[in-house]
Amino acid sequence: MPSCACPSEHGRVATDGYDPAARVKALEQLLVEKGYVDPAALDVIVETYAHEVGPMNGAKVVARAWTDPDFRARLLADGTAAAAELGFGGRGGEHIVVVENTSRLHNLIVCTLCSCYPWPLLGLPPVWYKSPPYRSRAVIEPRAVLRDFGVVLPETTAIRVWDSTAETRYLVLPLRPEGTGGLSEDRLAALVTREAMIGTGLALAPARADA
Ligand code: FE
């Protein structure tokens, strides 16, 4: 079984009757008391991922890939190196694999073990990504899960599910929406949602982004 360094509760921990949040709090207090961690340093890490690192980073990567074919090729060949070109990398992004949606193939990302996620590009994972129903159903019935998210794909579009681990984390390169030929990279990035980069959504049409 792959190891995991996620900050989330694992399903098996949550089912033993203890509140994971209380358990984390108690563990943090113990480590602080023993001098193993500095609470100020923990605060900086949490603040950084909550406010400075988020899906806007991944959206910039996607917009660049949509407008620069050479970058797109580098991104698909080595996601970690290409993201680093835009200044994105570090913990949780040591090995990023980018998978490209096409009209015939839709990619969906999950971490069946817990919640592994490309932090430098998407920030912290949403609650639903960590939930046991998403983690199991994404593999068993991905088309139904997509429908729950409002994404109805033609039956001719295959769905490929990628299971993240602490070692390898995935980002979806969504299809570029129709009618965006003249848009700047910044305008394009505004069409790229977090869900589109996980595969539970599609990039927005220009009119919806402006609404
Ligand atoms: Fe995980």
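This one's a predicted model, so the numbers in the text were calculated from it and none came from an experiment.

## Examining the overall build of the protein chain
Move 1: When you go through the protein chain residue by residue, the secondary structure sums to 13 helices and 4 strands.
Move 2: Burial statistics for the protein chain: of 211 residues in total, 32% are counted as buried.

## Details of the nonpolar core
Move 1: Val62, Val192 and Met197 are the most contacted members of the largest nonpolar core, which has 41 residues in total.
Move 2: Discounting chain neighbours no more than four positions away, the residues touching Val192 are Ala59, Val62, Ala63, Pro174, Met197 and Ala203.

## Side note on the pairing of strand β4 (residues 169–173)
Move 1: Counted residue by residue, β4 has 5 buried out of 5 residues, so it is predominantly covered.
Move 2: Where strand β1 (residues 96–100) and β4 come together, 5 bridges link them in parallel fashion. Note on β4: the bridge partner recorded for Val99 is Val172.

## Let's talk about the environment of Leu42
Move 1: Considering the arrangement of structural elements, one finds Leu42 in helix α3 (residues 39–52).
Move 2: For Leu42, a count of 13 C-beta atoms within 10 Å gives the class partly exposed.
Move 3: Linking Leu42 and Glu28, residues 14 residues apart in sequence, is a C-alpha distance of 9.5 Å.

## Structural notes on the packing of helix α4 (residues 55–67) against helix α5 (residues 69–77)
Move 1: Where α4 contacts α5, the axes come no closer than 5 Å and their chain directions differ by 125 degrees. Classified by the angle their axes make, α4 and α5 are oblique. The crossing of α4 and α5 is left-handed. The residues of α5 that touch α4, namely those facing Val61, Arg64 and Ala65, are Phe71, Arg72 and Leu75.
Move 2: For the contact of α4 with α5, the residue count by class is 4 nonpolar, no polar and 2 charged.

## Brief notes about the environment of Tyr49
Move 1: With respect to the helices and strands, Tyr49 occurs in helix α3.
Move 2: Not counting chain neighbours up to four residues away, the residues in contact with Tyr49 comprise Trp119, Gly123 and Leu124.

## So, the environment of Leu105
Move 1: Checked against the element boundaries, Leu105 lands in strand β2 (residues 105–110).
Move 2: Residue classification places Leu105 among the partly exposed residues on the basis of 13 C-beta atoms within 10 Å.
Move 3: Taking the C-alpha atoms as reference, Leu105 lies 8.6 Å from Thr156; in sequence the two are 51 residues apart.
Move 4: For Leu105, the residues in contact, after removing those within four places along its chain, are Thr157, Ala158 and Arg160.

Rules used throughout
- Residue positions are given per chain, counted from 1 along the sequence in the order it is written.
- At least 70 in pLDDT is required for a residue's local features to be given in this predicted model, at least 80 for side-chain atom pairs to be given and counted, and no such filter applies to totals for whole chains, interfaces and linings, which use all residues.
- Where helices and strands are cited, they refer to DSSP runs of H or I of at least four residues and of E of at least two residues respectively, numbered from the N terminus.
- Burial is judged by counting other C-beta atoms within 10 Å of a residue's own C-beta: 20 or more means buried, 12 or fewer means exposed, and anything between counts as partly exposed, with every C-beta placed from the backbone.
- Note on definitions: a nonpolar core is a set of buried residues drawn from Ala, Val, Leu, Ile, Met, Phe, Trp, Tyr and Cys, linked by C-beta atoms within 7 Å.
- A pair of residues counts as a contact when their C-beta atoms, built from backbone coordinates, are within 7 Å of each other.
- Two strands pair under a simple rule: DSSP has to find at least two bridges between them.
- For helices, the fitted line uses only the C-alpha atoms of the stretch in contact; every axis is such a line through C-alpha atoms, and the angle between N-to-C directions lies from 0 to 180 degrees.
- Oblique is the label for any angle not covered by the other classes, which are roughly parallel (under 35 degrees), roughly antiparallel (over 145) and roughly perpendicular (65 to 115).
- The handedness criterion is simple: a crossing whose near helix is rotated anticlockwise from the far helix by less than a right angle is left-handed, and one whose near helix is rotated clockwise is right-handed.
- When residue character is reported, Ala, Val, Leu, Ile, Met, Phe, Trp, Tyr, Cys and Pro are called nonpolar, Asp, Glu, Lys and Arg charged, and the others, Gly included, polar.

By themselves these figures say nothing about function.
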